[in-house]
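Below, each chain spelled out in residue letters.
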Amino acid sequence: MPAFSLALSEDQTTLQKWLHEFAADVIRPAAAEWDEKEETPWPVIQDAAKAGIYSLDFFAEAWRDESGISLPLIMEELFWGDAGIGLSLVGTTLGAAGILSNGTLDQIGEWIPQCFGTENDVKLAALAVSEPNAGSDVSSMKTTAVYDEARDEWVLNGVKTWITNGGIADVHVVVAAVDPALKARGQASFVVGPEFKGKGLAQGQKFKKHGIRASHTSEVILDDLRLPGSALLGEKPRLDERLARARERAAALARGESVQSARQKGGQAAMATFESSRPAVGAQAVGIARAAYEYALDYAGRREQFGRPIVQNQGIAFMLADMKTALDASRLLVWRAAWMGKNNIPFTAGEGSMSKLYAGETAVQVTEKAIQILGGNGYTRDYPVERWHRDAKIYTIFEGTSEIQRLIISRAISGHQIP
Ligand SMILES: Cc1cc2nc3c(=O)[nH]c(=O)nc-3n(C[C@H](O)[C@H](O)[C@H](O)COP(=O)(O)OP(=O)(O)OC[C@H]3O[C@@H](n4cnc5c(N)ncnc54)[C@H](O)[C@@H]3O)c2cc1C
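Source: prediction; values computed, not measured.

Student: Can you help me understand the site of the ligand in this one?
Tutor: Taken together, 20 residues sit near the ligand, with Ser-130, Ser-136, Trp-162, Thr-401 and Glu-403 positioned nearest. A distance of 2.8 Å is found between a nitrogen atom of the ligand and a backbone nitrogen or oxygen belonging to Leu-127. Take Glu-403: an N or O atom from its side chain is 2.6 Å from an oxygen atom of the ligand. Burial of the ligand by the surrounding chains reaches 67%, relative to a free accessible area of 970 Å². Secondary-structure elements contributing two or more residues to the shell around the ligand are β3 (125-128), β5 (153-164) and α13 (402-414). The greatest single-element share of the shell around the ligand, amounting to three residues, is contributed by β5. Here the shell around the ligand is built from residues that sort into eleven nonpolar, six polar and three charged.

Below, the structure is given as structure tokens:
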């Protein structure tokens with residue numbers, strides 16, 4: 001048995017092949033239509049549910065894979081098919097991950113199945129963190145959650161924005177400030193069931209986007225949303241303890257104690273969701289980049305100018321060599337981070353961020369080069385590469401912009417508080 005191997009298991013190869021067929025036969029043929037419609041592709045989600053791909057069991061099985069690689073494999077194949085449809089298929093996992101990382105075992109058992117529904121009654125979930133004035137700086141969130149002790153209810157008020165599946169989801173996981181003065185350490189997550197739609201939770205503006213247009217992105221308005229005490233993800237006494245520690249930490253800092261000693265007094269808030277999902281997001285970008293690279297390679301071999309295929313020019317061939325190199329490097333970074341995450345190996349150099357940063361920027365560059373290789377055809381909507389380029393751009397923005405990933409990596413490697 002070799003000590004080191006990048007070989008996929010038989011199960012993983014089978015999974016990859018099956019998903020590739022679904023992506024090629026079902027997702028990709030539908031991609032242009034849903035991109036133009038700018039609507040959630042319900043028939044494709046339905047097909048994926050029937051095939052057993054859009055289901056809790058499917059994602060739970062992938063999550064259980066001890067190597068950590070199955071999830072990136074799934075993402076790469078689905079997003080190779082189409083990123084907008086891909087996000088409509090996996091957006092629910094963001095909400096589910098919010099429940100998994102913050103909820104009690106009972107809450108996980110109660111709510112995660114409701115995020116997916118069943119083959120014949122498909123449901124969606126959403127994770128609502130971002131706000132108009134709190135994007136990269138999540139700590140400045142204005143949405144509040146106030147506990148009404150007399151009625152054992154939480155009252156939420158605020159506006160969330162750019163939420164994938166926002167307003168159309170059956171289950172919304174909402175992050176809100178319980179003690180705004182404590183910034184990120186004063187936040188908690190709440191689960192909102194479908195019965196609150198129109199009763200405190202409403203969809204606001206639906207955004208018209210540059211890319212991933214088959215994925216629904218909206219504001220979510222929370223207006224005196226009254227939730228039962230049980231909607232708090234995690235136990236109330238533990239939240240109270242965490243808040244008490246954070247208040248002690250804030251007081252210690254105010255007294256001039258060092259950040260290090262104050263840090264020991266404060267707990268971390270609900271942001272674990274993002275760090276663990278970054279390699280999977282990077283894998284989505286790998287899928288888009290691979291689609292564009294393969295298409296451009298094939299085109300360059302068939303398109304003739306000056307009496308020979310354009311690939312016989314170094315200018316084109318070297319571009320393809322760079323595309324393939326960056327693509328493979330991205331996948332290796334994604335696989336490393338996914339493997340580390342699954343095996344609880346700490347990201348001491350921001351490895352999760354590295355994978356998302358590099359794969360996201362590679363997807364933008366590779367899709368741009370693909371347009372160049374296709375020339376005029378690449379610039380038209382008769383060919384898919386312009387769509388892939390539009391889709392790729394989101395990977396330098398959501399789940400932490402490229403600049404924020406660089407912040408995380410630079411802080412991790414230097415140990416300095418880079419502002
Ligand atoms: C299609 C789409 C889907 C999304 N889905 C979700 C979702 O499901 N749930 C959710 O909660 N959110 C979602 N988001 C929100 C997304 O996570 C935010 O857009 C992202 O975090 C960036 O925040 P912002 O847009 O406010 O940009 P800003 O924070 O305003 O950043 C603007 C620019 O300033 C830079 N910048 C900011 N701070 C620094 C700094 N300290 N150093 C250097 N540069 C900096 C940024 O990198 C960026 O280039 C989605 C967004 C989009 C567009």
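Now that the structure has been shown, the text picks up again.
Student: Sorry if this is basic, but what is going on with the confidence of the model for the protein here?
Tutor: The predicted coordinates ought not to be read in detail in places where the model reports low pLDDT. Per-residue confidence for the protein averages 95 on the pLDDT scale, and 95% of its residues sit at or above 70. Taken as a whole, residues 265-271 scores under 50 in pLDDT and shows 20 contacts with residues more than four places along the chain or in a different chain.

Student: Would you mind going over the packing of aromatic side chains with me for this structure?
Tutor: Here the distance between the centres and the angle between the planes together describe a pair of aromatic rings. Enumeration over the complete set of coordinates arrives at nine aromatic pairs. Between the aromatic rings of Tyr-54 and Phe-116, the centroid separation amounts to 5.4 Å while the plane-to-plane angle is 55°, which identifies the pairing as tilted. With Tyr-54 in the loop between α2 (42-50) and α3 (56-64) and Phe-116 in helix α6 (residues 105-116), the pair connects residues that are 62 residues apart, well separated along the chain. With respect to class, Tyr-54 is no different from Phe-116; both count as buried. Measuring from centroid to centroid gives 5.7 Å for Tyr-295 and Trp-388, while their planes differ by 75°, and the two rings are edge-to-face. Taken as a pair, Tyr-295 in helix α9 (residues 272-302) and Trp-388 in helix α12 (residues 385-392) lie far apart in primary sequence, 93 residues in all. Over the aromatic face of Trp-80 sits the side chain of Arg-28, whose NZ or CZ is 3.7 Å from the ring centroid. In this structure, Lys-37 is placed above the aromatic ring of Trp-34, and the distance from its NZ or CZ to the ring centre is 4.0 Å.

Student: What should I look at first to understand the environment of Gly-204 in this one?
Tutor: Mapped onto the elements of the fold, Gly-204 is located in strand β8 (residues 201-206). Residue classification places Gly-204 among the partly exposed positions, given a relative accessible area of 23%. The residues touching Gly-204, leaving out its near neighbours within four places in the chain, are Ser-218, Glu-219, Val-220 and Ile-221.

Student: Honestly, the packing of helix α1 (residues 10-37) against helix α4 (residues 70-81) in this entry has me stumped. Any pointers?
Tutor: Direction vectors running N to C along α1 and α4 enclose 25°, while the axes themselves pass 7 Å from each other. Put simply, α1 runs roughly parallel to α4. Here α1 and α4 pass one another in a crossing that is right-handed. Across the interface between the two elements, Gln-12, Leu-15, Gln-16, Leu-19, His-20, Ala-23, Ala-24, Ile-27, Arg-28 and Ala-31 from α1 touch Ser-70, Leu-73, Ile-74, Glu-77, Leu-78, Trp-80 and Gly-81 from α4. Partitioning the contact of α1 with α4 into residue classes produces ten nonpolar, five polar and two charged.

Student: Is there a simple way to think about the pairing of β5 in this case?
Tutor: On a regular strand, one side chain projects to one face of the sheet and the next to the other, so that they alternate. Of all the twelve residues making up β5, nine are buried; the element is thus mostly covered by neighbouring parts of the structure. In this structure, strand β4 (residues 144-148) lies alongside β5, joined through five bridges in antiparallel fashion. Considered in β5, the bridge of Asp-148 is made with Glu-153. Between β4 and β5, which pair antiparallel in sequence order, lie four residues; one of them, Asp-152, sits at a positive phi of approximately 45°.

Student: I keep staring at unusual backbone geometry and nothing clicks. Help me out?
Tutor: Apart from glycine, the bulk of residues carry a negative phi angle, and the bulk of peptide bonds sit in the trans form. Phi at Asp-224 is positive, roughly 50°, even though this residue is not glycine. Within the secondary structure layout, Asp-224 lies in strand β9 (residues 217-228). Positive phi outside glycine occurs at Glu-399, with the angle close to 55°. With respect to the helices and strands, Glu-399 occurs in the loop between α12 and α13. Of the residues examined, Glu-399 reaches a relative accessible area of 10% and is grouped as buried.

Student: Honestly, helix α7 (residues 236-254) in this entry has me stumped. Any pointers?
Tutor: It helps to recall that an α-helix has 3.6 residues per turn; residues three or four apart then point in one direction. Look at α7: 27 Å from first C-alpha to last across 19 residues, which is about the 27 Å you get at 1.5 Å a residue. Buried within α7 we find Leu-239, Arg-242, Leu-243, Ala-246, Arg-249 and Ala-252. One or two positions beyond α7, positive phi appears at Gly-256, with a value near 90°.

Each value, and the rule that gives it
Residues numbered from 1 in each chain as written. Predicted model: local features only at pLDDT ≥ 70, side-chain atom pairs only at ≥ 80, totals over all residues. Heavy atoms only, no water. Near = heavy atom within 4 Å. Polar contact = N/O pair within 3.5 Å; in protein donor to acceptor, adjacent residues only side chain to side chain. Areas by Shrake-Rupley, 256 points an atom, 1.4 Å probe, with all protein chains shown as cover. Helix = DSSP H or I, 4+ residues; strand = E, 2+ residues; numbered from the N terminus. Nonpolar A, V, L, I, M, F, W, Y, C, P; charged D, E, K, R; others polar. pLDDT = per-residue confidence, 0-100. Contact = heavy atoms within 4.5 Å. Phe/Tyr/Trp six-rings, centres within 6.5 Å; stacked < 30°, edge-to-face > 60°. Buried < 20%, exposed > 50% of the residue type's maximum accessible area, 1.4 Å probe, protein only. Lys NZ or Arg CZ within 6 Å of the ring centre and 35° of its normal. Axes fitted to C-alpha atoms, helices over the stretch in contact; angles between N-to-C directions. Parallel < 35°, antiparallel > 145°, perpendicular 65-115°, else oblique. Left-handed = near helix turned anticlockwise from the far one by under 90°. Pairing = 2+ DSSP bridges. Expected span 1.5 Å × (residues − 1).

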